[in-house]
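Chain by chain, the residues:
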Amino acid sequence: MTEVQLQEIKLEPDSELRFEVESKNEKVVLEVKSGYAELFGTELVKAKPYEFHTGAKVAVFTWHGCTVELRGRTEVSYVAKETPMVVYLNVHAALEQQRVAAEQENTRGPVTMIVGPGDVGKSTLTRILLNYAVRMGRRPIFVDLDVGQGHISIPGTIGALLVERPASIEEGFSQQAPLVYHFGHKSPNENLELYNTIVSRLAEVIAERCEHNKKASTSGVIINTCGWVKGAGYKVLTHAAQAFEVDVILVLDNERLYNELKRDMPKFVKVVYLPKSGGVVERSTSQRAELRDGRIREYFYGKRTPYYPHSFDVKFSDLKIYKVGAPSLPDSCMPLGMRAEEALTKLVPVWASAALAHRILAVSFSPAADELALHSNLAGFVCVTAVDMERQTLTILSPQPRPLPNTILLLSELQYMDNH
Ligand code: ADP
């Protein structure tokens with residue numbers, strides 16, 4: 001048996017304890033003994049044990065000083081006195097002023113987009129700013145355009161969520177009624193036309209919803225983006241900025257990107273440069289893949305609260321599976337009046353075959369296999385766990401019991417090996 005390590009750590013005001021849990025099947029328990037502390041903007045409750053598992057990379061920050069206890073084996077754990085938290089708090093204060101003005105003038109609250117390369121703390125800053133807003137009684141909208149990780153749903157999707165309470169320390173933001181759109185790849189680069197189409201669609205739906213929800217509208221929107229910022233990646237960002245009509249762009253740790261955006265954005269868009277936290281941990285390609293896998297596992301099996309998915313067989317003939325994007329042809333070969341790019345957002349039927357094994361299928365609410373399927377919110381996801389060519393059936397892992405809703409299934413490039 002491994003020995004349980006126990007550390008009591010005193011944190012000075014304006015400092016943070018950073019730790020990582022690396023080893024497999026390791027668990028670390030954190031408890032605040034005295035004073036006040038927060039984790040990425042969520043207040044920690046005194047004397048309540050919080051559990052962190054393999055892969056967790058965490059910072060416990062305190063404005064006024066506190067004592068915390070850490071039980072279990074951490075790979076890295078140290079106290080940092082230098083953090084950008086005061087700068088981030090100032091950003092929050094500036095956004096809050098704009099929300100107050102929006103309330104008084106009956107206009108829209110600030111729409112903020114957070115950009116920067118990979119591993120600079122974009123998702124963390126998004127979480128901090130949303131938490132601070134909701135702790136002030138606001139109801140901001142969280143938009144996640146990062147198809148590589150998929151913080152709202154699973155990777156390969158973009159989505160939005162009305163944030164009504166701070167993120168839970170262990171489970172993140174409550175996933176009630178999110179808006180989720182299918183993309184089906186890990187990088188926007190795989191189908192730029194489709195990516196821009198669904199980003200525009202999400203922006204439209206959010207603008208419509210804000211018209212009917214004054215509280216959300218004055219609270220504003222916070223948009224997390226992908227870490228792809230060069231070349232076509234930059235164009236994707238400027239397209240998103242335009243689609244959401246952003247007011248503020250926060251650029252983390254990249255002066256070139258900051259200068260490009262300052263040059264290219266209209267004058268009314270405030271472009272702000274922010275330092276990254278020294279605590280942000282870089283992740284390797286395999287760690288990213290594990291994180292993606294973890295998100296999908298959580299979708300089916302839950303995190304702290306366990307879910308119990310269903311497994312059942314479906315006949316090939318009862319399924320309507322499509323992928324998005326026909327092979328690109330030169331304009332001269334396209335049917336009259338159709339652009340080559342349009343093919344990239346067309347639904348193409350997929351015949352059931354052994355290649356479907358372990359693939360994720362998005363369940364669309366759409367009744368028809370046309371553009372509507374791309375423009376409709378998703379009902380959820382299923383995973384193909386086995387293909388039986390002889391019996392002509394697929395075995396499906398699904399959060400809902402059978403039957404599968406009689407709608408369109410959209411094939412994702414993402415795979416998940418169910419060995420739960
Ligand atoms: P990005 O969205 O830019 O890729 P993230 O916000 O996901 O970056 O941060 C990368 C990793 O660093 C995450 O695992 C996150 O939990 C961790 N992290 C962020 N800020 C800190 C910090 N101050 N101390 C320790 N770990 C941190």
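Remember, it's a predicted structure, so these values are computed and weren't measured experimentally.

**Student:** Can you break down the packing of aromatic side chains residue by residue, with the values?
**Tutor:** Per the counting criterion, the structure on display carries eight aromatic pairs. Measuring from centroid to centroid gives 5.4 Å for tyrosine 299 and phenylalanine 381, while their planes differ by 85°, and the two rings are edge-to-face. With tyrosine 299 in helix 7 (residues 285-301) and phenylalanine 381 in strand 21 (residues 378-388), this pair connects stretches of sequence that are 82 residues apart. Residue class for phenylalanine 381 comes out buried when judged on its relative accessible area of 4%. The ring of tyrosine 36 is capped by lysine 46, whose NZ or CZ atom sits 5.0 Å from the centre of that ring.

**Student:** Describe in detail the pattern of salt bridges, supporting the description with residues and values.
**Tutor:** What the rule picks out here adds up to 24 salt bridges. One salt bridge in this structure joins glutamate 43 and arginine 135, with 3.8 Å as the shortest N-O distance. Taken as a pair, glutamate 43 in strand 5 (residues 42-43) and arginine 135 in helix 2 (residues 122-135) lie far apart in primary sequence, 92 residues in all. The partly exposed category is assigned to glutamate 43, whose relative accessible area is 42%. Within the structure, one salt-bridge network assembled from shared partners comprises Glu31, Lys33, Glu69 and Arg71.

**Student:** Residues and numbers for the packing of helix 5 (residues 232-243) against helix 6 (residues 255-264), please.
**Tutor:** Helix 6 packs onto helix 5 with a crossing angle of 50° between their chain directions and a minimal axis gap of 12 Å. Relative to helix 6, the element helix 5 is oriented oblique. With respect to the hand of their crossing, helix 5 and helix 6 are arranged in right-handed fashion. In this structure, helix 5 contributes Tyr234, Leu237 and Thr238 to the contact, and helix 6 contributes Leu257, Glu260, Leu261 and Asp264. Residues that form the contact of helix 5 with helix 6 fall into these classes: four nonpolar, one polar and two charged.

**Student:** I'd like a rundown of the UniProt feature "domain: Clp1 N-terminal" (unreviewed entry) in the protein chain, residues and numbers included.
**Tutor:** UniProt's feature table lists "domain: Clp1 N-terminal" (unreviewed entry) at residues 10-101, given in the numbering used throughout. When the span residues 10-101 is considered, its composition is 18% helix and 46% strand, and the gap between its end C-alpha atoms is 40 Å.

**Student:** Tell me what's going on with the environment of histidine 420, and back it up with residues and numbers.
**Tutor:** Position of histidine 420 among the secondary structure elements: in the segment after strand 23 (409-415). Looking at histidine 420, the relative accessible area reads 64%, which means it is exposed. Along the sequence, histidine 420 and arginine 108 sit 312 residues apart, while their C-alpha atoms lie 45 Å from each other. Not counting chain neighbours up to four residues away, the residues in contact with histidine 420 comprise Arg297 and Tyr301.

**Student:** Which residues make up the sheet that holds strand 16 (residues 270-274), and what are the values?
**Tutor:** One open sheet accounts for seven strands, arranged 13-12-11-14-10-15-16; its pairing is mixed. Each edge of the open sheet carries a strand with a single partner, namely strand 13 (179-182) and strand 16. When strand polarity is set aside, the average angle formed by the axes of neighbouring strands in this sheet is 15°. Taken strand by strand, helix 3 (residues 192-212) contacts strand 11 (141-144), strand 12 (157-162), strand 13 and strand 14 (221-224), and its axis lies near 160° from that of strand 13. Helix 6 contacts strand 10 (111-115), strand 15 (248-252) and strand 16 of the sheet and is inclined by roughly 170° relative to strand 16.

**Student:** I'd love a proper account of helix 6, names of residues and values included.
**Tutor:** Regarding helix 6, the residues found buried are Leu257, Glu260 and Leu261. The arc that holds the buried residues of helix 6, viewed along the axis, is 95°, so those residues lie on one side. The exposed set on the far side of helix 6, more than 90 degrees from its buried face, consists of Glu255 and Arg263. Those residues of helix 6 that are buried are in contact with strand 10, helix 5, strand 15 and strand 16.

**Student:** An account of the site of the ligand is needed here, citing residue identities and associated values.
**Tutor:** What surrounds the ligand is a group of 17 residues, the closest being Glu16, Lys57, Lys122, Ser123 and Thr124. For the ligand, an oxygen atom lies 3.0 Å from a polar atom in the backbone of glycine 121. With respect to the ligand, the side chain of serine 277 contributes an N or O atom lying 3.2 Å from a nitrogen atom. When isolated, the ligand has an accessible area of 560 Å², and the protein chains bury 90% of it. Taken together, the elements giving at least two residues each to the shell around the ligand come down to strand 2 (15-20), strand 7 (57-62) and helix 2.

Here is what the cut-offs are and how they apply
- Residues numbered from 1 in each chain as written.
- Predicted model: local features only at pLDDT ≥ 70, side-chain atom pairs only at ≥ 80, totals over all residues.
- Heavy atoms only, no water.
- Phe/Tyr/Trp six-rings, centres within 6.5 Å; stacked < 30°, edge-to-face > 60°.
- Helix = DSSP H or I, 4+ residues; strand = E, 2+ residues; numbered from the N terminus.
- Buried < 20%, exposed > 50% of the residue type's maximum accessible area, 1.4 Å probe, protein only.
- Lys NZ or Arg CZ within 6 Å of the ring centre and 35° of its normal.
- Salt bridge = Lys/Arg side-chain N within 4 Å of Asp/Glu carboxyl O.
- Axes fitted to C-alpha atoms, helices over the stretch in contact; angles between N-to-C directions.
- Parallel < 35°, antiparallel > 145°, perpendicular 65-115°, else oblique.
- Left-handed = near helix turned anticlockwise from the far one by under 90°.
- Contact = heavy atoms within 4.5 Å.
- Nonpolar A, V, L, I, M, F, W, Y, C, P; charged D, E, K, R; others polar.
- UniProt positions renumbered as here; feature names shortened; annotations may be inferred.
- Pairing = 2+ DSSP bridges.
- Arc of directions from axis to C-beta.
- Near = heavy atom within 4 Å.
- Polar contact = N/O pair within 3.5 Å; in protein donor to acceptor, adjacent residues only side chain to side chain.
- Areas by Shrake-Rupley, 256 points an atom, 1.4 Å probe, with all protein chains shown as cover.

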